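Chain by chain, the residues:
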Amino acid sequence: KADWAEDGADSNTGGIGSGSPANTQAAMGSNGNGRQASQKQVDKVVLQYLKSKGYRDAEKALRADAKLLGQESSLGDMAQAFPGSEVGSDASVPNWIMFYNEAEEGNPDAYNQSYGELRRWIDSSLDVYKHELYAASYPVFVHSYLDLLMRGLSGKAVEFMRRYGSDHVVHHGRVIAALKTLTTKAHVEENALSRLYRDNKYGIRMTRVGFELLLSFLQDHHYTLLMRTVNQHLNIRTVDGGAAISSEADADVGITGHTQSQLDHFNSQDIALGPAPLDPFVRDEVERTLQGEAGRFVKDAVAKEASALLDTFAQARQENAASALSADEALPMPPARGVGVTQQIADLKALRKRVALSPAALPSICMYTLHNTSNSLTCAAVSEDLSLLAGGFSESYVKIWSLKSEPLRGFVGNVNPMSINSEEDADAMREKTAEPYRKLVGHSGAVFGVDISFDSKYLISCSEDKTTRLWSLDTYTNVVCYKGHNYPVWDVAFSPQGFYFATASHDRTARLWSCDHIYALRIFAGHLADVNCVRFHPNSKYLVTGSCDKSVRLWDVQRGSCVRVFTGHTASVDTVAVSPDGRIMASAGEDQTINVWDLGSGRRMDTLTGHTGP
């Protein structure tokens, strides 16, 4: 059918006249023996088509409406009522669609007429079905426009876009703007966006009644060009029962590169969302340190605090024990260091200070404004201990500020750790500067992403120059340059436990790296367009990515496979976030909405609207 659609468009250029139902019937009117193809025979062909596609309810409705009872004729038998030179005993359903197509293919205004009637019919349909019908009309519009260009009808394509393009600007503004730049057959063949649409089916969710209404309308009016588009380029999943589809976004699945059954398989896989297990070394060292402090200062305030921290630590371990990942499930980590113990004790102290949220105890929020950036600031990140703020700039550098207004003084030259015995020794080996900021220079293109490790020892940055760089925050120098992506890198993120980090790129992949290897450990491929953003799950076992293909994916880091696909955005996804408990994910982008997802089931919990920009 695809071969015919491109070859036949050039061969059927005259003699048919109008693409109206009457002329369509006349074009098929008789064979060489002058026999007329009756409406009942045509209905039988359509019945066979619906049966072959598995549309049982539509088949049943047509059988009752057309009173097609008794034994069914084979397609070979029905072929005898149509031109013998074109269809033989090996006729198939696509042959019949082809004959109807010939009448419309010869009419340059067929798409304008049929799509215009479709939109008018949707406008006058019941409100309960409008959302899904409008969603289904979008891919039909796109492929109608591309087909006109492929047939060399640029003038008709421009007129078609001018008439109906505005209908889809609200939900698909960027795609419509990009399609307007395509004006020739060569553009369609070379453009990445048009190839994406022509090589993949567009997913739509519809109720069974809404789907049958659409098929009935196209069949009754013999709009076989549109019927062919629905057949070849739409992947429609019918939803039985339940609540009606309440918005166009609910019906719009988009292009995912997967069938609906594959998406259902992705979202039915078991995933482990519990917290990462505590390293045995850190656990034992924390207990030993706190017990030592409690025993040394029996009546001191330090001893009381240490005793209270021990109780808090035991309670936290007990709460996490049931849901924590097993050692086999957790992401492998290098041996823990003393800094992990210090960080764990600091976390325990912060945990003891937390209070339940109430009108009298609201969350504390601290906001920072960067002045005079001249629109060159592209990204920013704050360290977990709230001591540093880092920003990436389009002028190819990273800048770091101290949020405590303290001088950022790096070590001078090579420092022997064995020679540092006190804070005074360390201070003597640092640079003599009073500036509370530092500039890190090394990239040769705009910096699009920065992140700071949990212990504030390292900073990672990614750039238009296709590289990712690791910077030491002890010396404020570049330590490693990671290369692997073939195109600009849009985002980078450290794992919550450090050591690992992930990148997202224009090359449609996300990649997993470790600080001690200069090559990627995993490549996550599956998105059909740029991967814009990447974030780790709190337990580091999973990775969340958002893409220009309007989808969000959850990846298993160890297996490198996709375990969830979230569809529902109508434009590019630019940012994602995961809740601290690892159960909920939020995504947002250029459709001006925030979608909240349940990671366990893969279902959308809520859509938050109100913003008037991306």
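Here the structure is a predicted model, which means the values were calculated and not measured.

Trainee: What exactly am I supposed to notice about the overall build of the protein here?
Mentor: The helix and strand inventory of the protein stands at 20 helices and 23 strands. Here the protein holds 614 residues, and the buried ones make up 47% of them. Across the protein, the fraction of contacts at a sequence separation of at least 24, relative to all contacts at a separation of at least 6, is 57%. For the protein, the exposed surface amounts to about 30100 Å²; the carbon and sulfur share of it is 50%.

Trainee: Is there a simple way to explain the sheet that holds strand 10 (residues 467–472) in this structure?
Mentor: Hydrogen bonds between backbone groups are what pair the strands of a sheet, and the pairing can be parallel or antiparallel. The antiparallel open sheet is built from 4 strands, whose spatial order is 8-9-10-11. Pairing within the sheet leaves two strands with one partner each, and these edge strands are strand 8 (447–452) and strand 11 (477–483). Across the sheet, the axes of successive neighbouring strands diverge by a mean angle of 20°, strand direction being ignored. Sheet topology places strand 8 next to strand 9 (residues 458–463); 5 bridges connect them, and they run antiparallel. Paired with Asp451 across the strands is Ile460, a residue of strand 9.

Trainee: Looking at this model, I keep getting lost on helix 13 (residues 208–220). Mind explaining?
Mentor: For an α-helix, the turn length of 3.6 residues means that residues three or four places apart are oriented alike. The end-to-end C-alpha distance of helix 13, which contains 13 residues, comes to 18 Å, matching closely the 18 Å that a straight helix rising 1.5 Å per residue would cover. For helix 13, the set of buried residues is Gly210, Phe211, Glu212, Leu214, Leu215, Phe217, Leu218 and Gln219. Positive phi shows up at His222, right after helix 13, with a value of about 55°.

Trainee: Hey, could you run me through the pattern of salt bridges in this one?
Mentor: When the charged atoms of two side chains with opposite charge come close together, those side chains can pair. For the structure on display, the rule yields 16 salt bridges. We note a salt bridge from Asp264 to Arg237, for which the minimum N-O separation is 3.6 Å. Of this pair, Asp264 sits in helix 16 (residues 260–266) while Arg237 is found in strand 2 (residues 234–239), placing the two residues 27 residues apart along the sequence. The exposure class of Asp264 is partly exposed, given its relative accessible area of 33%. Three or more residues are tied together by salt bridges with common partners; here these are Asp147, Arg198 and Arg228.

Trainee: Please clarify how the packing of aromatic side chains should be interpreted in this entry.
Mentor: Each aromatic ring pair is specified by the distance between its two centres and by the angle formed by the two planes. Tallying each qualifying case throughout the model produces 20 aromatic pairs. With 4.6 Å between their ring centres and 10° between their planes, Trp121 and Phe217 make a pair best called stacked. With Trp121 in helix 7 (residues 110–123) and Phe217 in helix 13, this residue pair connects regions lying 96 residues apart in the sequence. Seen in terms of ring centroids, Tyr138 and Tyr202 are 5.5 Å apart; in terms of plane orientation they differ by 70°. Their pairing is edge-to-face. Of this pair, Tyr138 sits in helix 8 (residues 127–150) while Tyr202 sits in strand 1 (residues 202–207), and the two are 64 residues apart along the sequence. In this structure an aromatic cluster arises from ring pairing among Tyr115, Phe141, Phe160 and Tyr164. A cation over an aromatic ring shows up here: Lys399 above the ring of Tyr437, its NZ or CZ 4.7 Å from the ring centre. Over the face of the ring belonging to Tyr397 we find Lys439, whose NZ or CZ atom lies 4.3 Å from the ring centre.

Trainee: Would you mind going over the layout of surface pockets with me for this structure?
Mentor: Rolling a probe over the atoms, with the probe sized like a water molecule, indicates the empty space that remains. The calculated volume of the second largest pocket comes to roughly 900 Å³. Lining the second largest pocket we find 39 residues, and of these Val175, Cys548, Lys550, Ala571 and Ser572 sit closest to its centre. Elements with a minimum of two residues in the lining of the second largest pocket: helix 10 (169–180), helix 12 (192–199), helix 15 (248–251) and strand 23 (603–608). Grouping the constituent residues of the lining of the second largest pocket by class yields 16 nonpolar, 14 polar and 9 charged.

Trainee: Is there a simple way to explain the packing of helix 8 against helix 9 (residues 154–164) in this structure?
Mentor: Helix packing for two helices is described by the angle between their axes and how far apart those axes are. Relative orientation of the contacting elements helix 8 and helix 9 amounts to 160°, with a least axis distance of 7 Å. Taken together, helix 8 and helix 9 sit at an angle that is classed as roughly antiparallel. The chirality of how helix 8 crosses helix 9 is left-handed. Contacts between helix 8 and helix 9 involve Phe141, Ser144, Tyr145, Leu148 and Leu149 on the former and, on the latter, Ser154, Lys156, Ala157, Val158, Phe160, Met161 and Tyr164. Class assignment for the residues of the contact of helix 8 with helix 9 results in 9 nonpolar, 2 polar and 1 charged.

Trainee: Help me out: how do you make sense of the packing of helix 8 against helix 14 (residues 224–233) in this one?
Mentor: Interhelical geometry of helix 8 versus helix 14 gives an angle of 110° and a closest axis separation of 10 Å. Comparing the axis directions of helix 8 and helix 14 gives the class roughly perpendicular. Contact residues: Pro139, Val140, His143, Ser144 and Asp147 in helix 8; Leu226, Arg228, Thr229, Val230 and His233 in helix 14. Split by residue class, the contact of helix 8 with helix 14 holds 4 nonpolar, 4 polar and 2 charged.

Trainee: How should I be thinking about the sheet that holds strand 19 (residues 561–567) in this particular structure?
Mentor: One open sheet holds the 4 strands; their spatial order is 16-17-18-19, and the pairing between them is antiparallel. The open sheet is flanked by strand 16 (531–536) and strand 19, the only strands paired with a single partner. On average, each strand axis in the sheet is inclined to that of its neighbour by 20°, with strand direction left out of account. Examined bridge by bridge, strand 16 and strand 17 (residues 542–547) share 5 bridges and lie antiparallel to one another. Within strand 17, the position partnered with Cys533 by the bridge is Gly546.

Trainee: Whenever I open this one, the pairing of strand 20 (residues 573–578) confuses me. Can you help?
Mentor: Both faces of the sheet carry side chains from a regular strand, because those side chains alternate between them. Pairing of strand 20 with strand 21 (residues 584–589), which is carried by 5 bridges, proceeds in the antiparallel orientation. Across the sheet, Ala577 pairs through a bridge with Ala586, a residue of strand 21. Remark: 5 residues form the turn of the hairpin made by strand 20 and strand 21, two consecutive strands paired antiparallel; Gly582 in that turn has positive phi of roughly 75°.

Trainee: Explain the environment of Gly165 here, please?
Mentor: As for its position among the elements, Gly165 is in the loop between helix 9 and helix 10. Classification of Gly165 as buried rests on a relative accessible area of 1%. Taking the C-alpha atoms as reference points, Gly165 and Lys180, 15 residues apart in sequence, are found 8.9 Å from one another.

Trainee: Looking at this structure, how should I read the environment of Asp127?
Mentor: With respect to the helices, strands and loops of the structure, Asp127 is situated in helix 8. In the structure, Asp127 is positioned 119 residues away from Ser246 in sequence and 9.7 Å away in space, judged by C-alpha atoms.

Trainee: How should I be thinking about helix 8 in this particular structure?
Mentor: The end-to-end C-alpha distance of helix 8 is 35 Å, a good match for the 34 Å that 24 residues give at a rise of 1.5 Å each. Burial analysis of helix 8 places 21 of its 24 residues in the buried class, which makes it a mostly covered element. Just past helix 8, the residue Gly152 takes up positive phi, approximately 80°.

Trainee: Would you mind showing me how to read a nonpolar patch on the surface here?
Mentor: Where nonpolar side chains cluster on the molecular surface, the patch consists of Ile518, Tyr519 and Leu521 and spans about 300 Å² of accessible area. Counting through the fold element by element, Leu521 comes out in the loop between strand 14 (509–514) and strand 15 (522–525). Overall, Leu521 belongs to the partly exposed group, its relative accessible area being 30%.

Rules behind the numbers
Residues numbered from 1 in each chain as written. Predicted model: local features only at pLDDT ≥ 70, side-chain atom pairs only at ≥ 80, totals over all residues. Heavy atoms only, no water. Helix = DSSP H or I, 4+ residues; strand = E, 2+ residues; numbered from the N terminus. Buried < 20%, exposed > 50% of the residue type's maximum accessible area, 1.4 Å probe, protein only. Contact = heavy atoms within 4.5 Å. Areas by Shrake-Rupley, 256 points an atom, 1.4 Å probe, with all protein chains shown as cover. Pairing = 2+ DSSP bridges. Axes fitted to C-alpha atoms, helices over the stretch in contact; angles between N-to-C directions. Expected span 1.5 Å × (residues − 1). Salt bridge = Lys/Arg side-chain N within 4 Å of Asp/Glu carboxyl O. Phe/Tyr/Trp six-rings, centres within 6.5 Å; stacked < 30°, edge-to-face > 60°. Lys NZ or Arg CZ within 6 Å of the ring centre and 35° of its normal. 1 Å grid on protein atoms, 1.4 Å probe; cavity = no way out; pocket = protein on both sides within 12 Å on 5 of 7 lines; lining within 4 Å. Points joined across faces, edges and corners; volume = space filled by probe spheres on them. Nonpolar A, V, L, I, M, F, W, Y, C, P; charged D, E, K, R; others polar. Parallel < 35°, antiparallel > 145°, perpendicular 65-115°, else oblique. Left-handed = near helix turned anticlockwise from the far one by under 90°. Patch = residues over 30% accessible without salt bridge, like charges linked within 9 Å, V, L, I, M, F, W, Y side chains within 5 Å.

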